[in-house]
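For reference, the chains in residue letters:
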Amino acid sequence: MKDPAGALAAVRARVDAAARSAGRDPAEVALLAVSKTWPVADVVALAELGQREFAENKVQDLVAKAEELAHLDLRWHLVGQLQRNKATAVVGVGAVVQSVDRVSLVERLAGVAERAELVTEVFVQVDLGGPEGRTAARGGVAPEHAAELADEVAGHPSLRLRGLMAVAPREGAPGPAFERLAALAARVRSDHPGAAELSAGMSADLEAAVAAGATLVRVGTALFGDRALASGSGP
Ligand SMILES: *Cc1c(COP(=O)(O)O)cnc(C)c1O
């Protein structure tokens, strides 16, 4: 990273400006640094500037970085799809799972966390892709089943439902999709007051997400640079 302090300040300034123009308190919006494909040295550079929360989209990368940097006391989030047979590794490093999208995964995570005597924090991922985009490429439960899945999570004492997560559809303006997500999140929150968070917005669309009510934006490229230039494996 050429200028981690400058990149972090620039992204924070974008988030703060978006919050203010939506009439929101910028302190309500946290920044999650998506370090996928970037080396641990870049994570360390941001950690030294006070960034505490990082995300990966592959389990093996998340576990490797979490273990190597355990002394830094960072919080890791999984934002990519999770196979049931990898749940133990993710729970073991205390990661937040943002990609919970089916009942079988909820049951698996709950069982693993219970045996480890841990409480695993999760977000239910919603597929905003629309009928033709709903190919599960980006993961997520269909919007009409999101509330049900949230109820399922909330029924397990070894899981803590933090809220909903989504990626904007590939096509079209992200704003309307984020508004639909926010409406769904409000419904889930009315049943589960502790599930007050909304994880939405990436480098290209964080303003639209903050305007719709995001409390956690997941930013990779705008912090670390273009992933095509990363030395590690591809995105
Ligand atoms: C990669 C990724 C991000 C960050 O994307 P950028 O466009 O690089 O900011 C956010 N969320 C998820 C689920 C991702 O896979």
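Everything discussed here concerns the structure shown above.
Bear in mind the structure is a predicted one, so any value in this text is a computation, not a measurement.

### A closer look at the site of the ligand
Then comes step 1: All residues in the neighbourhood of the ligand are listed as Val34, Lys36, Val79, Val167, Met202, Ser203, Arg218, Val219, Gly220, Thr221 and Arg227.
Then comes step 2: The contact in question runs from a nitrogen atom of the ligand to an N or O atom on the side chain of Arg218, over 2.9 Å.
Then comes step 3: For the ligand, the accessible surface in isolation is 390 Å², of which the surrounding protein chains cover 89%.
Then comes step 4: Grouping the amino acids of the shell around the ligand by side-chain chemistry returns 5 nonpolar, 3 polar and 3 charged.

### As for the pattern of salt bridges
Then comes step 1: Under the criterion given, the structure shown has 9 salt bridges.
Then comes step 2: Measuring nitrogen to oxygen at the nearest pair gives 2.9 Å for the salt bridge that ties Asp16 to Arg12. Here Arg12 and Asp16 lie together in helix 1 (residues 4–21), a separation of 4 residues that amounts to about one turn.
Then comes step 3: According to the relative accessible area criterion, Asp16 is buried, its value standing at 18%.
Then comes step 4: Under the relative-accessibility criterion, Arg12 is labelled partly exposed at 26%.
Then comes step 5: Where Arg75 meets Glu121, a salt bridge forms, and the shortest distance between an N and an O atom there is 3.4 Å. One end of the pair, Arg75, is in strand 3 (residues 75–78); the other, Glu121, is in strand 5 (residues 120–127), with 46 residues separating them in the sequence.
Then comes step 6: It is possible to trace a salt-bridge network through shared partners that takes in Arg75, Glu121, Arg160, Arg162 and Glu197.

### Considering helix 1
Then comes step 1: With 18 residues, helix 1 ought to run about 26 Å at 1.5 Å a step, and its terminal C-alpha atoms sit 26 Å apart, in line with that.
Then comes step 2: Within helix 1, the full set of buried residues consists of Pro4, Ala7, Leu8, Val11, Val15, Asp16, Ala18 and Ala19. Down the axis of helix 1, the sector holding all buried residues measures 165°, keeping them to one side. Every exposed residue of helix 1 that faces more than 90 degrees away from the buried side is listed here: Arg20 and Ser21.
Then comes step 3: Contacts from the buried residues of helix 1 go to strand 1 (30–34), helix 2 (40–47), helix 9 (206–212), strand 8 (216–219) and helix 10 (221–224).
Then comes step 4: Two residues or fewer past helix 1, Gly23 is found with a positive phi of approximately 75°.

### Comments concerning the pairing of strand 1
Then comes step 1: Buried residues dominate strand 1, accounting for 4 of its 5 residues.
Then comes step 2: Taken together, the 4 bridges between strand 1 and strand 8 define a ladder with parallel strand orientation. Bridge pairing in strand 8 links Ala30 to Leu216.
Then comes step 3: Bridging between strand 1 and strand 2 (residues 53–56) involves 2 bridges; their strand directions are parallel. Looking at strand 2, one finds that Ala33 is bridged to Phe54.

### Structural notes on helix 3 (residues 59–68)
Then comes step 1: Turning to helix 3, its buried residues number three or more, namely Val59, Leu62, Val63, Lys65 and Ala66.
Then comes step 2: Against the buried residues of helix 3 lie helix 2, strand 2, strand 3 and helix 4 (87–92).

### Focus on the pairing of strand 6 (residues 159–167)
Then comes step 1: The buried fraction of strand 6 amounts to 8 of the 9 residues, a majority that puts the element mostly inside the structure.
Then comes step 2: When strand 5 meets strand 6, the two strands line up parallel, connected through 8 bridges. Residue pairing in the sheet places Glu121 in a bridge with Arg160 of strand 6.
Then comes step 3: As defined by bridge partners, strand 6 adjoins strand 7 (residues 197–199) across 3 bridges and the pair is classed as parallel. Across the sheet, Gly163 pairs through a bridge with Glu197, a residue of strand 7.

Conventions used here
The numbering scheme is per chain: residues are counted from 1 as the chain's sequence reads. Selection of residues for local features in this predicted model requires a pLDDT of at least 70, selection of side-chain atom pairs for listing and counting requires 80 or more, and totals for whole chains, interfaces and linings are taken over all residues. Side-chain metrics in this entry use all non-hydrogen atoms of the structure; hydrogen atoms and water are not considered. Any residue with at least one heavy atom within 4 Å of a molecule or strand is counted as near it. We define a polar contact as two N or O atoms separated by no more than 3.5 Å, with the added condition that, inside protein, one atom must be a possible hydrogen donor and the other a possible acceptor, whereas residues neighbouring each other in sequence contribute only through side-chain atom pairs. Using the Shrake-Rupley algorithm and a 1.4 Å probe, accessible areas are obtained, with residue cover drawn only from the displayed protein chains. Gly is placed with the polar residues, together with every amino acid not listed as nonpolar (Ala, Val, Leu, Ile, Met, Phe, Trp, Tyr, Cys and Pro) or charged (Asp, Glu, Lys and Arg). By definition, a salt bridge exists where a carboxyl oxygen of Asp or Glu is found within 4 Å of a side-chain nitrogen of Lys or Arg. Only DSSP runs of H or I with at least four residues qualify as helices, and only runs of E with at least two residues qualify as strands; both kinds are numbered from the N terminus onward. The cut-offs for exposure are 20% and 50% of the maximum accessible area for each residue type, with area from a 1.4 Å probe on protein chains only; residues under the lower value are buried, those over the upper are exposed, and the others partly exposed. Take the residue count of a helix, subtract one, and multiply by 1.5 Å to get its expected span. Within this analysis, the arc is defined by the directions that extend from the helix axis to the C-beta atoms. In this analysis, two residues are considered to be in contact whenever any of their non-hydrogen atoms come within 4.5 Å of each other. Criterion used throughout: strands pair if DSSP finds at least two bridges between them.

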